[in-house]
Amino acid sequence: MNSLWIETFDKKHEFPKLSNSISCDVCIIGAGIFGISCAYYLTKLGFNVVVLEKDEIASKTTGHTTAKITSQHGLFYNYLINNFGISFAKSYLNANENAIKNIKEIIDTENISCDFSYQNSFIYTNNHEELQSIYDEVDAVRSLDFPCEFTTTTELPFSVLGACMFQNQAQFHPLKYVYGLVDSISDNCKIFTHTTVTDIRQSDNNYICYTDNANVQSKYVILACHYPFLKIPGFYFLKMYQSSSYLIAVDTKTPLFNGMYLTAKSPTLSFRTTQIDGKDLLLIGGADHKTGTYCNFESTYGSLEKVAKTYYPNCDVLYRWNTRDCITLDKVPYIGLYSHYMPNLYVGTGFQKWGMTSSNVAANIVVDMIRGKENPYASTFSATRMQPIKNKDEMKNMVVQSTKSIVVDKLNSSYLKIDDIALNSGGIVQINGSKVGIFKDATGKIFAVKPVCTHLGCLLSWNDVDKTWDCPCHGSRFDFMGKNLYDPAIENLEIYNIE
Ligand SMILES: Cc1cc2nc3c(=O)[nH]c(=O)nc-3n(C[C@H](O)[C@H](O)[C@H](O)COP(=O)(O)OP(=O)(O)OC[C@H]3O[C@@H](n4cnc5c(N)ncnc54)[C@H](O)[C@@H]3O)c2cc1C
């Protein structure tokens, strides 16, 4: 299901697939908001840039976001201060506040029409037990010299017990912004779509990015592909997982409110409004779960629709979509040098569902590193940081899940029979001792795949909401015919012929 942004954006751009080998200064892999922001800044500085995109521009996470542009990343600053100290938290906050200014400056300079508007951002609660965490966050943010307020007044259609409010935050239409950047990029950038990078190798002082058809040789490479597909060195698969969230866009048939809202604790609920073709729409997001874990319609879109109907009984749900983002173990993005063993290879990932500002922070850090300029925020986000893991529970979960999916689940001998699988649904069956992933369409036609992730070999799980095969370890996703949809996997699943 495509997002409201993708469905309502009139895309006038077509880009070729890479067919001949070429060279450039910087090769950027991935054309989401991070990759295109890097291309924008680098070309302004005179670098020759090539962007290689597996699908289409901003068609993945960026095209399915909520597009709040804010430095208020949940109840985050109290956590940062407690775990990393005041100056670290201040650096994180300033970097993201600067990003809001940078985005506005680009929009003004390039005259990008992307429905940008300043909004107040709120983290609120209606739960007495969580109220103290709101007070604590307000105190934490104020200790960073940022003017944050405690309030019980919002424009939401229900009252709140308390909220932490940041002023002068913003929102926009993410596709209009990213394509606006593309239009503003000068001639020294070539963009290729439907071009998947399958490998990167060092050759003398350069890198070669391999695709199916041709190669790109460059001194610098930026991994802007969301979850890096390179495994060693880097080992990002040991330090990042993906989390999915769902969104609906609702015609409430009533005048709507200003402001951007998020609940204090998980499972979160997110609200913002937008106007499409003159009509006010309400966006409700939430129903987070680790990508690849069980979900159904009721627990995802159903739960959001229930919220919509509670406050707007006559509303119509016009769009439903979901996407996922990378979460690092200490909740701070990885930005900068990818690995000490691969000089001139850079990364920006782990934006933990706050990539509108984080991508701008990342683009500035990486571009400064390429041009040899010091960036004041580089050490805060360093991708090669070696710090004690703050989130031990999450680390344990990742190791347990990976072991379970790679080893234990594959040995499990309980399985479904093909007849057990309902029409328009899927599951794993055992045939001649092998596990086979089966999807039965509405007519009973069977599509069979090897249900093993092509990234690191985890056993996939069936997602009945999207009719996809999802990896519970690192979040790769494949359609029911085995086509790879989402990173970090890049290869399709093996297909079986079942008579
Ligand atoms: C439900 C949800 C809501 C969110 N809401 C917000 C919000 O309100 N505010 C906010 O700040 N953030 C939000 N985020 C986070 C934000 O959307 C992301 O952090 C951001 O879009 C990530 O951008 P990106 O460029 O890194 O990744 P992407 O947009 O995924 O771009 C990566 C690109 O790389 C391409 N690619 C992958 N592998 C290869 C390869 N091998 N070769 C070539 N190309 C490749 C992909 O096709 C893709 O186009 C949200 C996230 C989720 C999940």
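Every value quoted in this text rests on a predicted model; they were computed, and no experiment measured them.

### A look at the nonpolar core
Membership of the largest hydrophobic core comes to 88 residues, with the highest contact counts inside it found for I28, L42, L80, F172, Y177 and I222. Take this core: its biggest share by element is ten residues, from helix α4 (residues 86-110). Residues within four places of L80 in sequence aside, it is in contact with G85, F88, A89, Y92 and V332. Grouped together as the second largest cluster of nonpolar side chains are 29 residues, C24, Y227, Y338 and L345 included.

### Considerations on the domain arrangement of the protein chain
According to the domain assignment, the protein chain contains domain 1 (4-64 + 176-239 + 331-390) and domain 2 (394-496). Just the C-alpha atoms count here: the centres of domain 1 and domain 2 sit 29 Å apart. The interface is formed by 15 residues belonging to domain 1 together with twelve residues belonging to domain 2. Buried area between domain 1 and domain 2, summed over both chains or domains, comes out near 1,200 Å², and the portion from carbon and sulfur atoms is 63%. When the buried area of domain 1 at its contact with domain 2 is split by residue, K54, Y227 and F237 rank highest and sum to 38% of it. Scanning the region where domain 1 abuts domain 2 turns up zero salt bridges.

### Here we look at the state of the cysteines
Summed over all chains, the structure comprises one disulfide. Put simply, C458 and C473 are joined by a disulfide, and their sulfur atoms are 2.2 Å apart. Negative torsions about the S-S bond denote left-handed disulfides, and the value of about -105° found for C458 with C473 makes this one left-handed. Taken together, the residues span a long stretch of sequence, with C458 in the loop between β20 (446-449) and β21 (461-463) and C473 in the loop between β22 (468-470) and β23 (477-479) at a distance of 15 residues. Each member of the pair, C458 as well as C473, carries the same accessibility label: buried. Free cysteine: C38, not disulfide-bonded; nearest cysteine sulfur from C189 at 11 Å.

Conventions adopted
- Residues numbered from 1 in each chain as written.
- Predicted model: local features only at pLDDT ≥ 70, side-chain atom pairs only at ≥ 80, totals over all residues.
- Heavy atoms only, no water.
- Core = buried A, V, L, I, M, F, W, Y, C linked by side-chain atoms within 4.5 Å.
- Buried < 20%, exposed > 50% of the residue type's maximum accessible area, 1.4 Å probe, protein only.
- Helix = DSSP H or I, 4+ residues; strand = E, 2+ residues; numbered from the N terminus.
- Contact = heavy atoms within 4.5 Å.
- Domains from an automatic or database assignment.
- Buried area = accessible area lost by both parts, 1.4 Å probe.
- Salt bridge = Lys/Arg side-chain N within 4 Å of Asp/Glu carboxyl O.
- Disulfide = S-S within 2.5 Å.

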